[in-house]
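Coordinate analysis (summary)
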Amino acid sequence: MILKKCTAIFLAAVFVLSAAGCSALQQAAENAKNSGKAVPGNGKWLYSEIEGTISKDTKVSEKDDFYTAVNKDWILDQKLDESGFVIELFNVQKTVDENMRILVRDPESTGYRENTTVGMDAEEIAHAGEIVADFYKEVSDTAKRDSLGVEPLRPYVEAVQNIKTVDEMADFLSVSGKNLSEVDPVYVKVGATAADPGTFRVILEPVPEEILTLGSRVAYSYIDADAIFAKQKRSALLRLILGKLGYGSEEIENVIRRAYRFECRLAENLSLDRDADREAPEYRAGTEMTTEQAQELFGAYPIAKILDGCDLGSVGSVSVFQPKYMKAVGELFSEKYLEEIKAFYIMRTVYGAADLLDTQTAAEVSYILTRGSDEAVRADSVDEALNKKDPEDEATDALINGYVKPYVGAPFEMLYIAAFLDGTQKEGIRDLLHQVKEELRDVLANEEWMSEEGRKNTAEKLDLMAERVLFPDTYISYKGLDFAGDENLVDMAADIFAFNKKRKAPLAGTVRTRNEWDLAECTTTVVNAYNNVAENAMIIPAGIVTGSFTYDPDGAFETNLARLGTILGHEMTHGFDTGGCRYDKYGNEMDYGDRDGLLTSADRSKFTEKTFTLAMQYTAIEPMPGMTTYSAAVQTEAIADMGGVKCALGVAEETADFNYDLFFRSYAELWRKVNTIEVERMYAQGDVHPLAYLRTNMTLQQFDEFLKTYDVKEGDGMYLDPAKRIIIW
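Numbers given for residues are sequential positions, taken from 1 along each chain in its written order. Residue-level local features of this predicted model are given only where pLDDT is at least 70; pairs of side-chain atoms are given and counted only at 80 or more, and the full residue set underlies all totals for whole chains, interfaces and linings. Excluding hydrogens and water, the side-chain figures rest on all heavy atoms present in the structure.

1. So, the overall build of the protein chain
Let me state the cut-off plainly: The way it works is that DSSP assigns letters per residue, a run of H or I at least four long becomes a helix, a run of E at least two long becomes a strand, and they are numbered from the N terminus. For the accessible areas, the method is Shrake-Rupley and the probe is 1.4 Å, while residue cover comes only from the protein chains on display.
Helices and strands together make up the secondary structure of the protein chain, namely 27 helices and 9 strands. Carbon and sulfur atoms make up 49% of the accessible area of the protein chain, which amounts to about 30600 Å² in all.

As structure tokens, this is what we get:
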């Protein structure tokens, strides 16, 4: 939903609208004629989201170009800055950003301590506030950080360097106080498995391959330019910080070489289970075994000690994924490979603290990682990074997004919830969600092209779809996180990492409800809503309903339904689009090999035919002046847009005295934006969502309710022949 900021200019002067004496519409018509493409809306849609395309004298009606007719005055009122765009939903983001600044500048002004409607007790709320305040104070004290330099990191690197035996390494891995690494060869977590989605299990998984230096297991066998570049950047970072700690060049190169060699061994063994065993049920569900059996499998690797260190030693049983990999890790955990293991943890320790040191080092690290230089950092670039005169808000935002949210994100989210949300708002949104969900249930149950098995599968998936609205019903407590005795930011990070390893231990063995979620893993301050198909979960963060634009509890029902209601329907429909149909009701990917997944083979064939027809409607048009090709990739979002409106109109049909005009106008306002033609081309080429005017016009012209409301007839720009209308769901 959220569009990314423009970073490049793509269009040449040939597309300048005014100097050529030719309007964008005339230019488009000529281009389309030459290319065989159709001009959208029978030539009556005005491309009005492009700056300068319309003026106050432009005549337009709802029958010809609904998007422009509704949004004309708003478009003409906007003044573009250097970014080249204005998007209505970005105003919501601005409100969220200001709210977050208040939380670090003056949280007491929000009265967060008195909020009793969001499911947190007063002590938990107060403690969250203390965590955020203490961390923000430390991270913003640049004078203190500069005085300490890289010294806060030294004891953590030395703790690894001083390990002499594998037994000492086992103690290091099980006692987290001096362990700054969040990355281990084996990941211990508490969650659900495909075999038992209703219970929190202790899960042992291989290190995620994307966490490794080269980003994938394949890159260690078939190294390409991107992998070389990634290794160069990380090696430069190690040379920089270890050099500041007094390591000699030979020592540093030994660390780099040994750490990389150990990662190669891990990556090689990651392949053991990946392909041959992919069809096996335990590939997705894990292999259940007792902790004693797990230790036998892991051999020398101290998994029992590590579980004890995570407060999970008494769980009794674990779910092990990719056991061949685990056995290989046990074989690697030996005196033979000890120096490689130490180098791996020195590398991960440096990575874990690279942004927590003095501002000079932080600037150098930023330069290395963003510009990719493997050479000495240029002094002028460092000075530029250090002396940039950011406005106060921009500097605060950088600390929030770069430090507070990555390190103490969940307490920050809890503080935001207590400061700006309430339980009645959540209930109102959940009620709207249920209304839209009921309509989607009816749509799926009555889909003529789908088989009985397909209807059954989709109904079960919708029934089980989790609803994570605004904030959790219950919270993971952070009362165990305490910064007492910490002398610097690195010490705080070590305490955070140690706490995170134990954070979910109390959940092990308990019932997992579908609607519960972890604020550390799923933020609520983002201006978005989405369907996590891998969990079959609807996520409606607080950010998307901040202010009153998308949802106003005191506003007109038609407006709330047109904005938030269609967004909810849109995201639910994603569970059944071209991508969502590959996942079952628990979020397991089923569509590989000879499995059909959610739909039967016959259903899939009909579904593909319908989605292809929709894709062709988009590829058949010229979406903007000078652009004669449009990617079929927008079909997934177009399916969801139409599904969202269809569900909302189902709710409207059951609502007495429903104001359809207000509904359709509110929907057109939801997507309104204006930008330069250069930015428009960037979005048209790279965004998976249709352009704003197409999200409005091409969606609404599919529905009889719209055509009837505005008396749209054949020949009008908004008219679409019934034979060409295509609504997937």
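2. A few points about helix H8 (residues 225-244)
Using the following cut-off: The span you would expect from a helix comes to 1.5 Å times its residue count less one. Exposed residues in this analysis have more than 50% of their type's maximum accessible area, buried residues have under 20%, and partly exposed residues fall in between, with area computed by a 1.4 Å probe over protein chains only. Polar contact criterion, stated in full: a pair of N or O atoms within 3.5 Å, where within protein one must be able to donate a hydrogen and the other to accept it, and residues adjacent in sequence count only if both atoms are side-chain atoms.
Compared with the 28 Å implied by 1.5 Å per residue over 20 residues, the 29 Å span of H8 between its first and last C-alpha is a close match. Buried within H8 are the following residues: Ala 227, Ala 230, Ser 235, Ala 236, Leu 237, Leu 238, Leu 240, Ile 241 and Leu 242. Sitting at the head of H8, Asp 224 places a side-chain oxygen 3.2 Å from the backbone nitrogen of Asp 226. Gly 246, located one to two residues past H8, shows a positive phi value of around 100°.

3. Describing the sheet that holds strand S6 (residues 466-470)
Strand pairing in a sheet takes place through backbone hydrogen bonds and is either antiparallel or parallel in direction. Rules: For two strands to pair, DSSP has to find at least two bridges joining them. Each axis is a line fitted through C-alpha atoms, and for a helix only the stretch in contact is used; angles between axes span 0 to 180 degrees, taken between their N-to-C directions.
As summarised here, the arrangement of the 3 strands in space is S6-S8-S7, forming an open sheet in which the pairing is mixed. The sheet is open, and its two borders are formed by S6 and strand S7 (530-532), each paired with just one other strand. The sheet shows a mean angle of 20° between the axes of neighbouring strands, taken without regard to direction. Of the pairings in the sheet, the one linking S6 to strand S8 (residues 537-541) comprises 5 bridges and is parallel in character.

4. Some words on the packing of helix H7 (residues 166-174) against helix H14 (residues 338-353)
Heads up, the condition is: Here the word oblique covers every angle except those under 35 degrees (roughly parallel), over 145 (roughly antiparallel) and from 65 to 115 (roughly perpendicular). Should the near helix be turned counterclockwise from the far one by less than a right angle, the crossing is left-handed, whereas a clockwise turn marks it as right-handed. Contacts: residue pairs with any heavy atoms within 4.5 Å of one another.
For the pair H7 and H14, interaxial distance at closest approach is 11 Å and the crossing angle is 25°. On the basis of their axis angle, the class for H7 and H14 is roughly parallel. Note on packing geometry: the crossing formed by H7 with H14 is left-handed. Every residue of H14 that contacts H7 at Val 166, Met 169, Phe 172 and Leu 173 is listed here: Leu 338, Ile 341, Lys 342 and Tyr 345.

5. Some words on the packing of aromatic side chains
Both the distance between ring centres and the angle between the ring planes are used here to describe each pair of aromatic rings. The line we're drawing: The pairing test for Phe, Tyr and Trp rings, Trp by its six-membered ring, is centres within 6.5 Å, and the orientation test on the planes gives stacked under 30 degrees, edge-to-face over 60, and tilted for anything in between. We count a charge as sitting over a ring when the NZ of a lysine or the CZ of an arginine lies within 6 Å of the ring centre and within 35 degrees of the ring normal.
Inspection of the entire model under this criterion finds 24 aromatic pairs. With a centroid separation of 5.2 Å and 90° between ring planes, the pair formed by Phe 344 and Tyr 345 is classed as edge-to-face. The class of Tyr 345 is buried, set by a relative accessible area of 1%. Taken together, Phe 66, Phe 658, Tyr 660, Phe 663, Phe 664, Phe 706 and Tyr 710 form an aromatic cluster joined through their ring pairs. One residue, Lys 231, lies across the ring of Tyr 260, its end atom 3.8 Å from the ring centre. Lying over the aromatic face of Trp 671, Arg 695 brings its terminal NZ or CZ to 3.7 Å of the ring centre.

6. Structural notes on the pattern of salt bridges
In a structure, side chains of opposite charge can pair up when their charged atoms sit close to one another. Note the cut-off: Basic side-chain nitrogens of Lys or Arg form a salt bridge, by our definition, when they fall within 4 Å of a carboxyl oxygen of Asp or Glu.
Under the criterion given, the structure shown has 47 salt bridges. Between Lys 673 and Glu 49 there is a salt bridge, with the nearest N and O atoms lying 2.8 Å from each other. Linking Lys 673 in strand S9 (residues 673-675) with Glu 49 in the loop between helix H1 (24-35) and helix H2 (66-77), this pair joins segments that are 624 residues apart in sequence. When sorted by exposure, Lys 673 lands in the same class as Glu 49, which is buried.

7. Structural notes on the side chain of Asn 254
Among the secondary structure elements, Asn 254 is positioned in helix H9 (residues 249-270). Polar side-chain contacts of Asn 254 include one of 2.2 Å to the side chain of Arg 257.

8. A closer look at the nonpolar core
Operational definition: Definition used in this section: a nonpolar core is a set of buried Ala, Val, Leu, Ile, Met, Phe, Trp, Tyr and Cys residues joined via side-chain atoms within 4.5 Å.
Grouped together as the largest cluster of nonpolar side chains are 214 residues, with contacts concentrated most on Phe 135, Leu 153, Ile 241, Leu 242 and Trp 729. Examining the composition of this core, we find that 14 residues originate from one element, helix H17 (residues 392-420), more than from any other. Excluding residues within four positions of it along the chain, Ile 241 makes contact with Leu 153, Val 350, Ala 354, Leu 357, Thr 361 and Val 365.

9. Re the sheet that holds strand S4 (residues 287-290)
A sheet is described by the order of its strands in space; here 4 strands give the open sequence S2-S3-S5-S4, paired in mixed fashion. Each of the sheet's edge strands pairs with one partner strand only, and the pair in question is strand S2 (186-191) and S4. Looking at each pair of strands side by side, their axes are set apart by 30° on average, direction ignored. Pairing of strand S3 (residues 201-206) with strand S5 (residues 317-320) involves 2 bridges; the strand directions are parallel. Of the residues in S5, the one forming a bridge with Ile 203 is Ser 319. Each of S2, S3, S4 and S5 touches helix H13 (residues 323-332); the most contacted strand, S3, lies at about 70° to it.

10. Concerning helix H23 (residues 635-653)
An ideal rise of 1.5 Å per residue puts 27 Å on 19 residues; H23 measures up with 27 Å between its terminal C-alpha atoms. When you tally the buried positions in H23, you get 16 out of 19 residues, the bulk of the element.

11. Digging into the packing of helix H6 (residues 154-161) against H14
Formally: Ten residue types, Ala, Val, Leu, Ile, Met, Phe, Trp, Tyr, Cys and Pro, are classed as nonpolar, four, Asp, Glu, Lys and Arg, as charged, and the remainder, Gly among them, as polar.
One can describe the packing of H6 onto H14 by two numbers: an axis separation of 9 Å at closest approach and a directional angle of 170°. Overall, the two elements H6 and H14 adopt an arrangement that is roughly antiparallel. Residues Tyr 156, Val 157, Val 160 and Gln 161 of H6 lie in contact with H14, whose contacting residues are Lys 342, Tyr 345, Ile 346 and Thr 349. Partitioning the contact of H6 with H14 into residue classes produces 5 nonpolar, 2 polar and 1 charged.

Functional significance is not addressed by these values, which are geometric in nature.
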